[in-house]
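Understanding the architecture of this molecule
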Amino acid sequence: MPIFNYDSEIEDILVSMSLSPYLPPKSSVGYGPKMTYSTGSGSIPGAITIYDDNIVFTNSHSLHIYISTPDYLLVDKRVSASLATLVNQYSNILTKLLPVSTQIVYSPGEITTNICSNTCYQGEYIRWATSLNGTLYSPGSYTNLANRQTQRPIKGGISITSTANSTIFNTQGKVGTMGLVCQDSASNALVGLTNNHVVNRDAFYTSQRTYLNPQNEYDLTDISSTVQGNFVYQTGESQPVVPSGPNEIGRVLRYVPIYTSASIAANPLLTNKVDAAMFSLYCTSSNGSQILNFTSSFQQLGLSPTSSMPFATTAEINNLLNSNPELYSSGRTTGVKGSPDTLCPLRFFGMNAFPILYSLQGVSTIAYFSDVISFIKPSESSSYNPSSTGSISVCPFPVWGGDSGSTLIAKISGVFKIIGLVFAGDGIPYRSDINYPVTSTGEPYNVCSTIGYACRIDQVATQLGIKAWTGSVAPIVNNNTITFKTVSGSNSTKILNCSGSNYYQVGLTKNHNIC
């Protein structure tokens with residue numbers, strides 16, 4: 001079996017492909033085992049599923065081009081020809097003396113059978129959709145999951161929200177997941193880890209913004225000027241949030257800003273690899289309940305490891321295609337995943353580069369991400385079938401909205417290690433361009449997220465300035481010591497040194513405290 005090498009050469013190829021003018025809109029690229037599919041016994045009727053053995057034993061690797069509509073292959077011959085050009089451009093690339101094939105993978109909003117034009121290679125399907133009485137079902141009614149309840153002391157995998165993303169600023173309110181408790185590399189202080197977009201309104205560098213709508217994540221204020229600062233609340237299900245109430249567990253400290261796709265296209269040396277933020281943690285809540293516990297808060301809710309988990313090394317993450325470990329995760333929406341703890345296995349699928357929408361001053365804006373881990377739930381059987389009734393302890397999805405911020409874990413050489421921070425999936429609203437059917441509780445039916453995406457933990461650690469918590473006694477952040485400095489103009493400087501101290505970019509403001 002050949003070695004699946006993932007190195008800077010492959011990463012550069014994925015970045016180049018993702019920025020290629022031949023790649024259709026909303027498409028993405030990846031690198032992993034050559035894809036196969038099966039609709040064998042036990043799968044949901046009408047579903048197309050990747051089976052574990054087809055992934056584990058695939059003995060050739062492939063560049064993947066994920067396309068979002070069959071029109072690219074059947075109707076729009078111009079786009080089909082562009083795809084053929086892209087395939088030809090990269091099919092003959094050699095890495096470490098091994099030929100790399102290129103597959104086009106159709107990711108439709110609904111399952112259909114399509115025939116590829118003779119100008120391109122179709123590849124195999126990977127998308128499946130859950131069918132219940134002819135409709136598509138989302139996991140929104142899994143209301144009794146422990147991940148969505150108030151947890152004291154806290155653990156990784158629990159529901160959170162923030163001032164910025166609560167109903168105070170967002171009429172619908174948003175929830176996400178606290179991935180884990182880790183440590184700030186500089187101070188050793190215990191902090192919570194999640195995604196940038198889970199706790200912040202705007203992910204972008206100030207150099208990407210205008211002064212027409214200045215926003216920042218430090219001194220944000222609601223319309224009545226009564227809420228100061230961006231605080232984090234657990235559980236995130238209880239909205240509107242109550243400042244200084246028992247659900248408040250900390251304050252957003254810093255995050256990794258990102259670039260727009262236009263900036264990256266103009267300067268390919270710029271790149272987005274991390275969607276991450278950290279926040280301070282209190283020892284106790286306002287009602288006296290214990291938030292942090294030095295013997296359990298480093299654990300993941302619902303998963304069996306009871307000791308602290310180290311971060312995987314760069315070499316270990318690059319070798320995931322070869323080691324192919326089973327993966328584990330605990331998230332707000334889909335709960336606990338990974339055998340033998342649950343009936344929901346996860347597997348590593350490849351490394352990806354793709355465009356994704358983020359809010360830039362309230363406007364959805366494309367940002368390209370690269371060097372991203374992709375993972376799947378690889379097999380279906382009657383044991384895993386979703387149900388629309390009652391509390392469900394199994395999951396049909398590797399990830400869903402609200403799981404953002406959860407950690408991705410692998411057992412490597414017998415040791416459980418954190419390999420990534422989950423931030424995206426490929427699920428989309430069901431036929432939102434034509435109609436928007438909803439469940440009995442008013443939630444939209446969705447196409448299943450068959451692929452989850454996670455930022456590499458080595459990149460998160462380096463760019464955010466964190467390290468794994470070993471479980472030993474550590475300090476917490478004194479929120480009264482947090483200071484705020486300003487500079488004139490906008491820029492792409494993530495860390496500013498002012499009078500010997502480092503300050504992290506948090507947005508635009510009209511309130512000045514000049515460095």
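Read on for a plain summary of the structure. (Residues numbered from 1 in each chain as written. Predicted model: local features only at pLDDT ≥ 70, side-chain atom pairs only at ≥ 80, totals over all residues. Heavy atoms only, no water.)

1. Regarding the packing of aromatic side chains
Just so we agree on the cut-off: Classification of ring pairs rests on two measures: the distance between centres of Phe, Tyr or Trp rings, Trp counted by its six-membered ring, which must be within 6.5 Å, and the angle between planes, read as stacked under 30 degrees, edge-to-face over 60 and tilted in between. Per the convention used, a helix needs a DSSP run of H or I reaching at least four residues, while a strand needs a run of E reaching at least two, with both numbered from the N terminus. Only protein chains enter the accessibility calculation, which uses a 1.4 Å probe; a residue whose area is less than 20% of its type maximum is buried, one above 50% is exposed, and one in between is partly exposed. When the NZ atom of lysine or the CZ atom of arginine is within 6 Å of a ring's centre and also within 35 degrees of its normal, the charge is said to sit over that ring.
For the structure on display, the rule yields 10 aromatic pairs. On the numbers, 6.1 Å between centres and 20° between planes, the contact of Phe354 with Phe423 is stacked. Pair noted here: Phe354 is in strand β15 (residues 346-360) and Phe423 is in strand β18 (residues 415-425), with a separation of 69 residues, a long-range link. Neither Phe354 nor Phe423 differs from the other in exposure class; each is buried. Between Phe369 and Phe423 the ring centres are 5.1 Å apart and the planes differ by 40°, which places this aromatic pair in the tilted class. Taken as a pair, Phe369 in strand β16 (residues 363-376) and Phe423 in strand β18 lie far apart in primary sequence, 54 residues in all. An identical accessibility class is assigned to Phe369 and Phe423; each is buried. Through pairs of rings, three or more aromatic residues link up here, namely Phe354, Tyr358, Phe369, Phe423 and Tyr453. The ring centre of Tyr504 lies 4.2 Å from the NZ or CZ of Arg254, which sits over that ring.

2. Some words on unusual backbone geometry
Note the cis peptide between Gln234 and Thr235, where omega equals 10°. In this fold, Thr235 is placed in the loop between β10 (231-233) and β11 (248-255). Omega for the peptide link from Gln239 to Pro240 comes to 5°, which places this bond in the cis form. Here Pro240 lies in the loop between β10 and β11. Phi is positive for Ser244, close to 65°, though the residue is something other than glycine. Note that Ser244 resides in the loop between β10 and β11. Here Ser244 falls in the exposed class, since its relative accessible area comes to 55%. One non-glycine residue, Gln361, adopts positive backbone phi at about 50°. For Gln361, the position within the fold is in the loop between β15 and β16.

3. Describing the pattern of salt bridges
Quick note on the threshold: Any Lys or Arg side-chain nitrogen found within 4 Å of a carboxyl oxygen on Asp or Glu counts as a salt bridge.
Counting across every chain of the model gives 8 salt bridges. Across the salt bridge formed by Lys273 and Glu11, the nearest N and O atoms sit 2.5 Å from each other. Of this pair, Lys273 sits in the loop between α6 (261-266) and β12 (277-280) while Glu11 sits in helix α1 (residues 8-18), placing them 262 residues apart in sequence. Take Lys273 and Glu11: they sit in the same class, and that class is buried. For the salt bridge of Asp371 with Arg456, the shortest nitrogen-to-oxygen distance reads 3.5 Å. Here Asp371, found in strand β16, pairs with Arg456, found in strand β19 (residues 451-456); they are 85 residues apart in sequence, far enough to count as distant. Each member of the pair Asp371 and Arg456 is classed as buried. Here the salt bridges share partners, and the residues they tie into one network are Glu11, Lys273, Asp371, Arg456 and Asp458.

4. A closer look at the state of the cysteines
The test is simple: Note on disulfides: each one is a pair of cysteine sulfur atoms within 2.5 Å.
Counted under the stated rule, the structure contains 1 disulfide. Across a sulfur-sulfur distance of 2.1 Å, Cys498 and Cys515 are joined as a disulfide pair. The S-S bond linking Cys498 to Cys515 shows a torsion near 125°; that makes this disulfide right-handed. Of the two residues, Cys498 sits in strand β21 (residues 495-498) while Cys515 sits in the segment after β22 (501-504), which places them 17 residues apart along the sequence. Residue Cys498 is classed as buried on the basis of its relative accessible area of 4%.

5. Re the environment of Ser499
Tracing the backbone through its elements, the reader meets Ser499 in the loop between β21 and β22. Here Ser499 falls in the exposed class, since its relative accessible area comes to 76%. Note: C-alpha distance between Ser499 and Cys515 (16 residues apart in sequence) is 7.8 Å.

6. With respect to the pairing of strand β1 (residues 28-33)
Defined as follows: By the convention used here, strands pair only if DSSP detects at least 2 bridges between them.
Buried residues dominate β1, accounting for 6 of its 6 residues. As paired strands, β1 and strand β2 (residues 61-67) are joined by 6 bridges and run antiparallel to one another. Across the sheet, residue Val29 finds its bridge partner in β2, namely Ile65. In the sheet, β1 pairs with β15 via 3 bridges, with the strands oriented antiparallel. Its bridge partner lying in β15, Gly30 is registered against Asn352.

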